[in-house]
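# Structural overview for review
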Amino acid sequence: MKDKKNITFIQNLFQKKFDLRLDKIPESQNEKEKSADLQLVHDNKVRFVCELKTLNYVELSEETGYVQGEEEGEFWKDGDAAANKIARLIKDAYEQLSKYSCPKGLIFLNEAFDISEQDYYKAIRGHLPFADKASGTTTNEYLWHKISDGKIRDIKKKIDFYCWINKKGDEDQIFFDKVTTEGKRVVEKYFAQQRVSGSRT
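As the structure is a prediction and not an experimental result, all values here were calculated from the model.

## So, the overall build of the protein chain
A count of helical and extended segments in the protein chain gives five helices and 10 strands. The buried share of the protein chain, reckoned over its 201 residues, is 42%. Taking all contacts inside the protein chain whose residues are at least 6 apart in sequence as the whole, residues at least 24 apart take part in 58%. Of the roughly 12,000 Å² of accessible surface on the protein chain, a fraction of 46% belongs to carbon and sulfur atoms.

See the structure below:
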């Protein structure tokens with residue numbers, strides 16, 4: 001069962017920031033039939049649908065993907081744990097979005113203090129760009145290609161756009177990744193008026 005509070009949060013946030021009214025898609029009575037969470041309907045036509053995935057805060061432990069440090073109660077983040085989790089959520093979301101013919105978006109609502117949009121890029125692209133100020137060049141090291149080229153390799157680009165939200169109270173940060181031509185059109189048409197400090201598309 002989806003957390004209704006988080007869906008309502010997204011509806012209110014998008015209404016406030018983008019003047020968009022997203023409707024909740026009724027859940028199917030058939031447990032085997034998965035559906036997306038939200039849709040934008042305009043002139044009696046569905047313009048796009050979105051699936052919401054939440055990255056919840058977790059306690060630090062080996063069970064939640066952390067490595068025990070030398071000191072008692074000390075834990076270190078497993079560098080691949082967050083990216084692997086995001087990849088699993090992308091795979092799960094695609095199963096819910098794949099039946100739709102209209103543009104499809106995946107919203108990540110991040111409530112975890114130790115996960116950021118950089119972990120998303122690790123999962124989706126397999127690398128992070130590292131700028132070398134001395135030479136003025138940018139190096140891309142594909143350290144996470146096993147994740148990006150794994151189970152999500154053939155589906156990650158079938159989701160038209162991704163939206164990453166760092167939930168920070170009054171300072172919520174919103175980032176967009178436009179994957180397809182349709183995704184670019186949707187983001188630029190419906191999310192162009194964002195009024196969020198530090199946001200980028």
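## As for helix 1 (residues 4-18)
Given 3.6 residues per helical turn, the α-helix brings residues three or four places apart onto the same face. Between its terminal C-alpha atoms helix 1 stretches 21 Å, which fits the 21 Å expected from 15 residues at 1.5 Å a residue. Residues of helix 1 that are buried: N6, I7, I10, L13, F14, K17 and F18. All buried residues of helix 1 lie within an arc of 125 degrees about the axis, which places them on one face of the element. Exposed positions of helix 1 whose direction lies more than 90 degrees from the buried face are K4, K5 and K16.

## Thoughts on empty space enclosed by the protein
Taken as a whole and judged by the stated rule, the model has one cavity of 30 Å³ or more. A volume near 60 Å³ is recorded for the largest cavity. Along the walls of the largest cavity sit F108, E117, Y120, Y121, Y162, C163, W164, F175, F176 and D177, which together make up its complete lining. The set of elements that each furnish at least two residues to the lining of the largest cavity consists of helix 3 (117-125), strand 9 (161-166) and strand 10 (173-178). When grouped by side-chain class, the residues that make up the lining of the largest cavity number eight nonpolar, no polar and two charged.

## Describing the environment of L20
As for its position among the elements, L20 is in the loop between helix 1 and strand 1 (23-24). With a relative accessible area of 8%, L20 lands in the buried category. Excluding residues that lie within four positions of it along the chain, L20 makes contacts with Q11, F14, Q15, L40, Y190 and F191.

## Remarks on the pattern of salt bridges
Evaluated as defined, the whole model comprises 13 salt bridges. Between D92 and K34 there is a salt bridge; the shortest N-O distance is 3.7 Å. Here K34 lies in the loop between strand 1 and strand 2 (38-42) and D92 lies in helix 2 (residues 81-97), a separation of 58 residues in the sequence.

## Brief notes about unusual backbone geometry
Excluding glycine, residues mostly have negative phi values, and the peptide bonds linking residues are mostly trans. At D19, a residue that is not glycine, the phi angle is positive and equals roughly 55 degrees. Summarising the element assignment, D19 is placed in the loop between helix 1 and strand 1. Although it is not a glycine, D43 adopts a positive phi angle of roughly 55 degrees. Checked against the element boundaries, D43 lands in the loop between strand 2 and strand 3 (45-55).

## Things to note about the sheet that holds strand 2
Across a sheet, paired strands are connected by hydrogen bonds in the backbone, their directions being either parallel or antiparallel. The sheet built from six strands is open, its strands ordered 1-2-3-6-9-10 with mixed pairing. Edge positions in the sheet fall to strand 1 and strand 10, since each has one partner strand and no second. The pairing of strand 3 with strand 6 (residues 104-110) spans seven bridges and is classified as parallel. If you follow V49 over to strand 6, its bridge partner there is K104. Strands strand 1, strand 2, strand 3, strand 6, strand 9 and strand 10 of the sheet are contacted by helix 1, whose axis makes an angle of about 105 degrees with strand 6. Packed onto the sheet, helix 2 meets strand 3, strand 6 and strand 9 and runs at close to 150 degrees relative to strand 3.

## Let's talk about the layout of surface pockets
Taken as a whole, the second largest pocket holds about 160 Å³ of empty space. In this structure, the second largest pocket is lined by N84, A87, R88, K91, K146, I147, G150, K151 and I152. Secondary structure elements with two or more residues in the lining of the second largest pocket: helix 2 and helix 4 (145-148). Among the elements that take part in the lining of the second largest pocket, helix 2 stands out by supplying four residues, more than any other. Its residues assigned to classes, the lining of the second largest pocket comprises three nonpolar, two polar and four charged.

Reading the values: rules and limits
Residues numbered from 1 in each chain as written. Predicted model: local features only at pLDDT ≥ 70, side-chain atom pairs only at ≥ 80, totals over all residues. Heavy atoms only, no water. Helix = DSSP H or I, 4+ residues; strand = E, 2+ residues; numbered from the N terminus. Buried < 20%, exposed > 50% of the residue type's maximum accessible area, 1.4 Å probe, protein only. Contact = heavy atoms within 4.5 Å. Areas by Shrake-Rupley, 256 points an atom, 1.4 Å probe, with all protein chains shown as cover. Expected span 1.5 Å × (residues − 1). Arc of directions from axis to C-beta. 1 Å grid on protein atoms, 1.4 Å probe; cavity = no way out; pocket = protein on both sides within 12 Å on 5 of 7 lines; lining within 4 Å. Points joined across faces, edges and corners; volume = space filled by probe spheres on them. Nonpolar A, V, L, I, M, F, W, Y, C, P; charged D, E, K, R; others polar. Salt bridge = Lys/Arg side-chain N within 4 Å of Asp/Glu carboxyl O. Pairing = 2+ DSSP bridges. Axes fitted to C-alpha atoms, helices over the stretch in contact; angles between N-to-C directions.

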